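Each chain, written out:
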Amino acid sequence: MSVPYETAAYESAQSPESPEEHLARLLGRALNSFELPDDVVRRLDCALAHTSSLHSAHHSAGLHRETYRHTWLLADGSALTLWELVHNTTPDGPPEHEVYVDEEEVQAATARLGLPPETPDFELPAPVRLWAIPEPRHVFASDDSADHARRLLRRAENPDRPGAKTAALLATATAHGITQAFGRPGRAGRVGLSYTLYEHAFLLPDGGEVSLWEVEHTATRDGRHMCEVYMSEAAARDAMERRAARHG
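Residues numbered from 1 in each chain as written. Predicted model: local features only at pLDDT ≥ 70, side-chain atom pairs only at ≥ 80, totals over all residues. Heavy atoms only, no water.

Colleague: Any details on the pattern of salt bridges? Residues and values, ideally.
Modeller: For the structure shown, the criterion picks out eight salt bridges. Of the charged contacts, one joins Asp147 and Arg150 as a salt bridge, the two residues approaching to 2.3 Å between their closest N and O atoms. Residue Asp147 and its partner Arg150 are located together in helix α4 (residues 145-155), separated by three residues, close to a single helical turn. Since its relative accessible area comes to 44%, Arg150 is described here as partly exposed. Ionic pairing is found between Glu157 and Arg224, a salt bridge with its closest N-O pair at 2.8 Å. (Salt bridge = Lys/Arg side-chain N within 4 Å of Asp/Glu carboxyl O. Helix = DSSP H or I, 4+ residues; strand = E, 2+ residues; numbered from the N terminus. Buried < 20%, exposed > 50% of the residue type's maximum accessible area, 1.4 Å probe, protein only.)

Okay, structure coming up:
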């Protein structure tokens, strides 16, 4: 029999997580996440908010199947949905997770499970809630920040690194902070290369903030470490993907 749920099993309205954390958790548990198109996941890297809901479920004789709908709000105002299928292959066995780009794919995967189809799936009447996640506050340290910016730009080897205007602006920085950025590595994670992405955030005298994005990698001819610096996270991740593609 199909069993209606009043709340989704994976999301708590009291403890929202960031869109990036939610995506990483979803892809980390899905057995087929490597099949997702790179351009789909690349678009989700810049998501502003997300929501999840239980779309349908079926429980029968120790076998179960649930379908979840995960939707992200993107920076351009559009929305992108991934469908998650959770099921067990033996009665009361551990759950397995699969993820698909469109509803037709998840319906085809559901049909292969062999669960009785007599009772149709149901739609939850719950309203859609998008969690708007505020940007995290940077933790700054006033430790010769202008010199840190100068040294960062000096070791950058990419031709399209930030230029003199940015260097002049950061020469006035009063504090800075460094954090490592995470997220699905795409091709960069599938060719055995080393890639690390850092955000260098600088505090300016007027209270404004400027961030530079540093990529450290070994996608070089001789395998040595190389540093590249970009003005945005998107540009840095695109550069990682292009280098990985050339090496792949």
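Colleague: Go over the sheet that holds strand β6 (residues 175-181), please, and point to the residues and values.
Modeller: Whenever strands of a sheet pair, they do so through backbone hydrogen bonds, lying parallel or antiparallel. Pairing is antiparallel in the open sheet, where four strands are placed in the order β6-β7-β8-β9. A single partner strand is all that each edge strand has here, and the edge strands are β6 and β9 (226-230). Shown here is a sheet whose adjacent strand axes are inclined to one another by a mean of 25°, direction ignored. Pairing analysis gives seven bridges linking β6 to strand β7 (residues 195-203), with the strands arranged antiparallel. Opposite Gly177, over in β7, you have Ala201 as the bridge partner. Strands β6, β7, β8 (209-217) and β9 of the sheet are contacted by α4, whose axis makes an angle of about 145° with β7. (Pairing = 2+ DSSP bridges. Axes fitted to C-alpha atoms, helices over the stretch in contact; angles between N-to-C directions. Contact = heavy atoms within 4.5 Å.)

Colleague: Please set out α4 residue by residue, giving values where relevant.
Modeller: Along an α-helix, a turn takes 3.6 residues, which lines up residues three or four apart on a common side. Among the residues of α4, Ser145, Asp147, His148, Ala149, Leu152 and Leu153 are the ones counted as buried. In this structure, the buried residues of α4 make contact with α5 (164-170), β6, β7, β8 and β9.

Colleague: Summarise the nonpolar core; cite the residues concerned and give the values.
Modeller: Counting residues in each nonpolar core, the largest one holds 14 residues, and the members touching the most others are Leu23, Leu44, Trp72 and Leu82. Residue assignment for this core shows that the elements contributing at least two residues are α1 (19-29), α2 (38-44) and β3 (79-87). Not counting residues up to four positions away in its chain, the partners in contact with Leu44 are Leu23, Trp72, Leu74, Leu80 and Leu82. Ranked by size, the runner-up nonpolar core spans 12 residues in total, among them Ala156, Phe202, Leu204 and Cys227. (Core = buried A, V, L, I, M, F, W, Y, C linked by side-chain atoms within 4.5 Å.)

Colleague: With reference to specific residues and values, describe the pairing of strand β1 (residues 49-60).
Modeller: Burial runs high along β1: nine of the 12 residues are buried. Bridge analysis of β1 against strand β2 (residues 63-73) gives 11 bridges, and the strand direction is antiparallel. Looking across to β2, one finds that Ala57 is bridged to Glu66. Linking β1 back to β2 in an antiparallel pair, the connection comprises two residues, with Ala61 at a positive phi of about 50°.

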